[in-house]
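# A closer look at the structure
Listed below, chain by chain, are the residues.
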Amino acid sequence: MRFDSVLTTCPFCGTGCNLFLEVMDNEVLGVSPVKWHPISRGKLCILGRNAHKFIQHPDRLTAPLKRVGNRFERISWEQALDEIAEKITRLRSESGPDALGFFSSAKCTNEENYLMMKLARGVIGTNNVDHCARLCHSSTVTGLAASFGAGAMTNSIPEIPETSCMLVTGSNPTSQHPIIAGWMLEAKERGACLIVIDPRKIPLSQHADLFLQLRPGTNIALFNGMARVILDKGLVNDDFVEARTEGIDELKAKLKDYDLDAVSRITGVERELIEKAAVMYASSPSAMIFYAMGITQHVTGTDNVKAVANLALLTGNVGRPSTGVNPLRGQNNVQGACDMGALPNVLTGYRPVTDSQARLEYARLWGCGDLPDRPGLTIVEMSSAALRGELRGLVIMGENPAVTDPDLNHVKEALSRLDLLVVIDIFMTETAQLADYVLPAATFAEKEGTFTNTDRRVQRVRKAVDPPGEAKADWEILCSLAKALGSKSFEYNSPEEIMNEIRQLTPSYRGITYERLDGGESLQWPCPDENHPGTPYLHAESFPRGKGRFYGVDYVASPEEPDDDYPMILTTGRVPYHWHGGSITRRIDTLNAEIPTGFVDINPDDAAKLGLKDGDVVKVSSRRGSISIKVKVSSEVKPGVIFIPMHFSECAANVLTDHKVLDPYSKIPGFKVCAVRIEKG
Ligand code: SF4
């Protein structure tokens with residue numbers, strides 16, 4: 001018998017806790033926490049503690065599959081890759097490279113996201129490559145890049161206990177980032193004040209000094225109201241604004257329209273509370289803003305992010321320890337997948353595809369011709385292009401859009417129209433069931449690589465066991481596919497070799513080597529050379545864009561305001577115990593037993609009006625479709641608002657959400673505000 005303890009990174013949320021996989025004879029038997037890790041400090045949340053329980057699950061895919069009529073047939077890797085390459089080549093020659101799309105994944109490693117992007121651009125010649133950050137934090141990338149010049153968390157998790165104020169908005173950390181919530185509660189015990197702004201009563205609101213329960217979709221009005229108070233009460237950090245920012249006059253002009261009575265009417269929050277929150281935030285010696293999808297998943301997502309960045313710039317709460325604007329990423333490698341250029345408009349390190357010098361550097365290293373220079377399609381746009389017949393082939397790695405993308409009837413119709421759908425995954429997901437070819441992938445425990453967590457920390461993923469059957473790591477699958485397509489530039493022996501290529505092209509990752517990571521260093525980008533210690537907080541001396549930029553952004557009513565036909569607002573989200581499309585956590589018995597299926601939270605007043613009680617089944621309908629779902633009467637939501645978690649395919653919240661109206665900058669859909677009607681089932 002052979003025992004081993006393999007240090008690796010948790011595959012679930014973006015906190016990036018480290019854990020040991022306890023291995024006996026090629027089987028992962030358990031998980032242990034890592035006492036010395038700078039973030040997890042010997043703790044793991046319930047997801048991390050169960051991270052081993054899906055690795056040897058009997059549902060794992062173990063061989064390549066090909067659709068034959070209504071069923072799948074097992075085929076060899078050679079046949080699968082040859083046939084897929086032949087079909088891709090044919091589609092490309094018939095309809096051009098932009099007839100193909102590549103859907104990468106924040107669940108996969110940096111190296112795998114880099115290869116997916118390289119395959120799309122360098123082998124096929126299209127910028128149609130995107131990943132699930134489009135649906136969660138693409139507005140963070142566009143918003144923070146516009147305000148500061150870098151679309152990433154400005155500060156670090158270990159700085160939290162030293163802050164004097166935390167403003168948490170659109171984030172439910174005790175549920176979705178429990179280890180970060182622990183850091184926040186520690187700061188609270190040490191005397192920091194806590195402001196929670198959320199449409200739902202969340203567990204953290206019980207600890208808050210101020211809780212502002214706003215109407216869904218009114219974030220900009222609230223943040224503008226707070227900015228107006230800061231200006232009117234003379235709480236602006238004038239030295240900082242003078243030396244390090246631009247655009248203050250634009251902001252001042254805009255804020256004239258945001259007196260607190262108007263803001264209170266729009267948001268449903270009392271004016272005194274808004275005033276107190278603004279004063280508390282602005283008068284604290286250091287203040288950190290934390291947010292998540294509660295502000296990003298809106299058709300005004302980019303402006304929401306700019307509006308919170310305005311607060312930090314006004315008060316000089318950026319560029320110092322224990323301050324900043326800190327997006328919390330839902331998946332393990334959202335930050336890394338963005339950094340690796342698995343986005344339709346940028347290469348690694350956010351170098352635009354329109355930059356001819358950048359394209360030249362990549363093409364030289366990859367040994368290919370000029371790369372495509374026009375931004376490609378986002379995920380949501382790829383679905384619409386498939387319906388129009390313009391997108392004919394799609395390769396999906398580790399994603400499950402048939403549960404997670406907006407307007408599922410539309411998504412499934414789009415996927416079914418493709419001439420070629422290839423899905424690379426570990427389980428037969430709802431999306432894989434629609435595929436022409438399904439390729440079996442390895443889990444995090446069966447491969448090497450790196451993930452980049454929410455505070456820009458690049459961490460190692462290490463192989464503990466072999467993948468089952470013929471399953472392979474995604475990086476190996478992508479290399480084999482590229483070679484089958486005739487490429488000579490995918491000759492890697494290991495993910496370390498891939499990372500060394502990434503480092504050549506990506507200045508912020510240049511100093512991050514496997515040797516340093518394996519030697520125990522905890523490196524946060526930017527890390528420009530091998531002697532650089534990494535950067536715990538950004539913008540200390542200057543912003544990447546020069547000066548921090550204020551934006552005068554306007555509150556715009558949601559396109560899905562309630563009306564007579566659809567009188568309630570649906571807001572979607574997540575629950576503890578489950579993760580993303582549920583394909584992993586719903587297969588872990590201990591987690592699934594806690595919340596085995598979906599539910600709709602309805603306020604007691606609304607439930608009484610509709611004659612509903614806990615456990616009743618209702619039909620919830622939007623302009624896109626209907627689902628049947630169990631009622632949970634809950635005062636966590638206000639009257640007129642309902643909440644449905646996203647994880648459950650049998651009552652999928654995304655049947656109801658819209659794919660048509662998108663944020664104009666990031667193209668993120670508005671998952672958080674959707675007009676619906678409820679009828680007794
Ligand atoms: Fe894993 Fe996130 Fe839980 Fe940490 S907080 S153990 S990274 S799921």
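All residue numbers refer to positions counted from 1 along the written sequence of the respective chain. In keeping with the model being predicted, local features are shown solely for residues with a pLDDT of at least 70 and side-chain atom pairs are shown and tallied solely at 80 or more, while totals for entire chains, interfaces and linings include all residues.

This brings us to the overall build of the protein. For the purposes of this entry, the term helix denotes a DSSP run of H or I that reaches at least four residues, the term strand denotes a run of E that reaches at least two, and both are numbered from the N terminus. On a plain count of helices and strands, the protein comes out with 23 helices and 26 strands. This radius of gyration counts C-alpha atoms alone. The globule rule is 2.2 Å times how many residues there are, raised to the power 0.38. A compact globule built from 681 residues should have a C-alpha radius of gyration of about 26 Å, and the protein, at 24 Å, falls within 12% of that. Summarising its shape, the C-alpha atoms of the protein cover approximately 70 × 65 × 55 Å along the three principal directions. In the protein, which comprises 681 residues, the share counted as buried stands at 59%. Any residue with 12 or fewer other C-beta atoms within 10 Å of its own C-beta is exposed, any with 20 or more is buried, and the rest are partly exposed; the C-beta atoms used are placed from the backbone.

Strand pairing requires that DSSP identify at least two bridges connecting the strands. Strand order in this closed barrel of six strands is E21-E25-E22-E24-E23-E26, and the pairing throughout is mixed. Across this sheet, the average inter-strand angle for adjacent strands is 45 degrees, counted without regard to direction. With four bridges connecting them, strand E22 (residues 599-602) and strand E24 (residues 626-633) associate as parallel partners. By the bridge assignment, Ile602 is partnered in E24 with Val633. Axis geometry follows a simple rule: fit a line to the C-alpha atoms, using only the stretch in contact for helices, then measure angles between N-to-C directions, giving values from 0 to 180 degrees.

Turning to its location among the elements, Asp239 is positioned in helix H8 (residues 238-244). On a C-alpha basis, the gap between Asp239 and Leu212 in space is 30 Å, while along the polypeptide they are 27 residues apart.

At their nearest, the axes of helix H7 (residues 219-232) and helix H9 (residues 248-255) sit 10 Å apart, and the two run at 110 degrees to each other. In terms of orientation, H7 lies roughly perpendicular with respect to H9. Packed against H7, whose contacting residues are Asn224, Ala227, Arg228 and Leu231, the element H9 presents Leu251, Lys252 and Leu255 at the interface. Here roughly perpendicular refers to angles of 65 to 115 degrees, roughly parallel to angles under 35, roughly antiparallel to angles over 145, and oblique to all remaining angles. Residues are scored as being in contact if the C-beta atoms we place from backbone atoms lie within 7 Å.

Around the ligand, 14 residues are found, and the nearest of them are Cys10, Cys13, Cys17, Cys45 and Gly48. Partitioning the shell around the ligand into residue classes produces nine nonpolar, five polar and no charged. Using a C-beta atom placed from the backbone for every residue, we mark a residue as near a molecule or strand if that atom lies within 6 Å of it. Each residue gets one of three labels, nonpolar for Ala, Val, Leu, Ile, Met, Phe, Trp, Tyr, Cys and Pro, charged for Asp, Glu, Lys and Arg, and polar for the others, Gly among them.

Here we take up the packing of helix H10 (residues 260-267) against helix H11 (residues 271-283). Between two packed helices, the angle of one axis relative to the other and the distance separating the axes together describe the packing. Following both chains from N to C, one finds H10 and H11 inclined at 110 degrees, their axes separated by 9 Å at the closest point. Between H10 and H11, the angle falls in the class roughly perpendicular. In contact with Leu260, Asp261, Val263 and Ser264 of H10, H11 contributes Arg271, Ile274 and Glu275. For the contact of H10 with H11, a count of residues per class yields three nonpolar, one polar and three charged.

In this section: helix H16 (residues 379-387). When H16 is considered as a whole, its buried residues turn out to be Ile379, Val380, Glu381, Met382, Ser383 and Ala386. Contacts made by the buried residues of H16 are with strand E6 (100-103), strand E7 (129-130), strand E14 (393-397), helix H17 (401-404) and helix H18 (408-417). Looking one or two residues past H16, Gly389 carries a phi angle of roughly 85 degrees, positive in sign.

Turning next to the pairing of strand E3 (residues 27-33). In this sheet, E3 lies alongside strand E2 (residues 18-24) in antiparallel orientation, the contact comprising six bridges. Residue pairing for E3: Leu21 is matched across the bridge by Val31. The antiparallel pairing of E2 with E3 creates a hairpin that spans two residues between the two strands, and Asp25 there sits at a positive phi of about 45 degrees.

Reported domain spans reflect what an automatic or database domain assignment gives. Domains assigned within the protein are domain 1 (3-49), domain 2 (65-132 + 332-505), domain 3 (138-328) and domain 4 (568-680). Taking only C-alpha atoms into account, the centre of domain 2 sits 35 Å from that of domain 3. In this assembly, five residues from domain 2 lie in contact with six residues from domain 3. The residue makeup of the side of domain 2 that touches domain 3, split by class, is one nonpolar, two polar and two charged.

What follows deals with the sheet that holds strand E18 (residues 457-461). An order of E17-E18-E19 is seen for the three strands of this open sheet, with the pairing classed as antiparallel. The open sheet has two edge strands with one neighbour each: strand E17 (449-452) and strand E19 (523-524). In terms of strand pairing, E17 meets E18 through four bridges, oriented antiparallel. Paired with Thr450 across the bridge in E18 is Arg460.

With that out of the way, let us pick up H7. The terminal C-alpha atoms of H7, which comprises 14 residues, lie 20 Å apart, in line with the 20 Å expected from a rise of 1.5 Å per residue. Taking burial as the measure, the 14 residues of H7 include twelve buried ones, the bulk of the element. Residues Asn219, Ile220, Ala221, Leu222, Phe223, Asn224, Gly225, Met226, Ala227, Arg228, Val229 and Ile230 constitute the buried set of H7. One or two positions beyond H7, positive phi appears at Gly234, with a value near 65 degrees. Given a helix with a known number of residues, its expected span is that number minus one, times 1.5 Å.

On to the UniProt feature "domain: 4Fe-4S Mo/W bis-MGD-type" (unreviewed entry) in the protein, then. The sites that UniProt annotates as "domain: 4Fe-4S Mo/W bis-MGD-type" (unreviewed entry) are residues 3-59. Strand forms 37% of residues 3-59 and helix 7%; the C-alpha atoms that close the span are 25 Å apart. UniProt positions are given in the numbering used here, feature names are shortened, and annotations may be inferred rather than shown by experiment.

Here four bridges tie strand E4 (residues 65-68) to strand E5 (residues 71-74), and the two strands are oriented antiparallel to one another. Residue pairing for E5: Val68 is matched across the bridge by Arg71. What sits between E4 and E5 in their antiparallel hairpin is a turn of two residues, with Gly69 showing a positive phi close to 65 degrees.

Grouped together as the largest cluster of nonpolar side chains are 222 residues, with contacts concentrated most on Met226, Ile274 and Val308. What Val308 contacts, discounting residues up to four positions off in sequence, is Thr169, Phe223, Ile289, Tyr291, Ile295 and Val325. Note on terminology: a nonpolar core is a set of buried residues of type Ala, Val, Leu, Ile, Met, Phe, Trp, Tyr or Cys, with members joined through C-beta atoms within 7 Å.

Averaged over every residue, the pLDDT of the protein is 96; residues scoring 70 or more account for 100%. Interface confidence in the predicted complex, given as ipTM, is 1.00; pTM for the same model is 0.96. The pLDDT value tells you how sure the predictor is about a given residue, anywhere from 0 up to 100.

With glycine set apart, most residues show a phi of negative sign, and most peptide bonds adopt trans. In this chain, Trp525 is followed by Pro526 through a cis amide linkage whose omega measures 0 degrees. Along the chain, the position of Pro526 falls in the loop between E19 and strand E20 (548-549). One non-glycine residue with positive phi stands out, namely Asp25, at about 45 degrees. Relative to the helices and strands, Asp25 resides in the loop between E2 and E3.

This part is about the environment of Thr296. Locating Thr296 in the fold gives a position in helix H12 (residues 293-296). Separated by 158 residues in sequence, Thr296 and Ser138 have C-alpha atoms that sit 7.7 Å apart. For Thr296, the residues in contact, after removing those within four places along its chain, are Cys136, His137, Ser139, Thr140, Gly301, Asn304, Val305 and Ile668.

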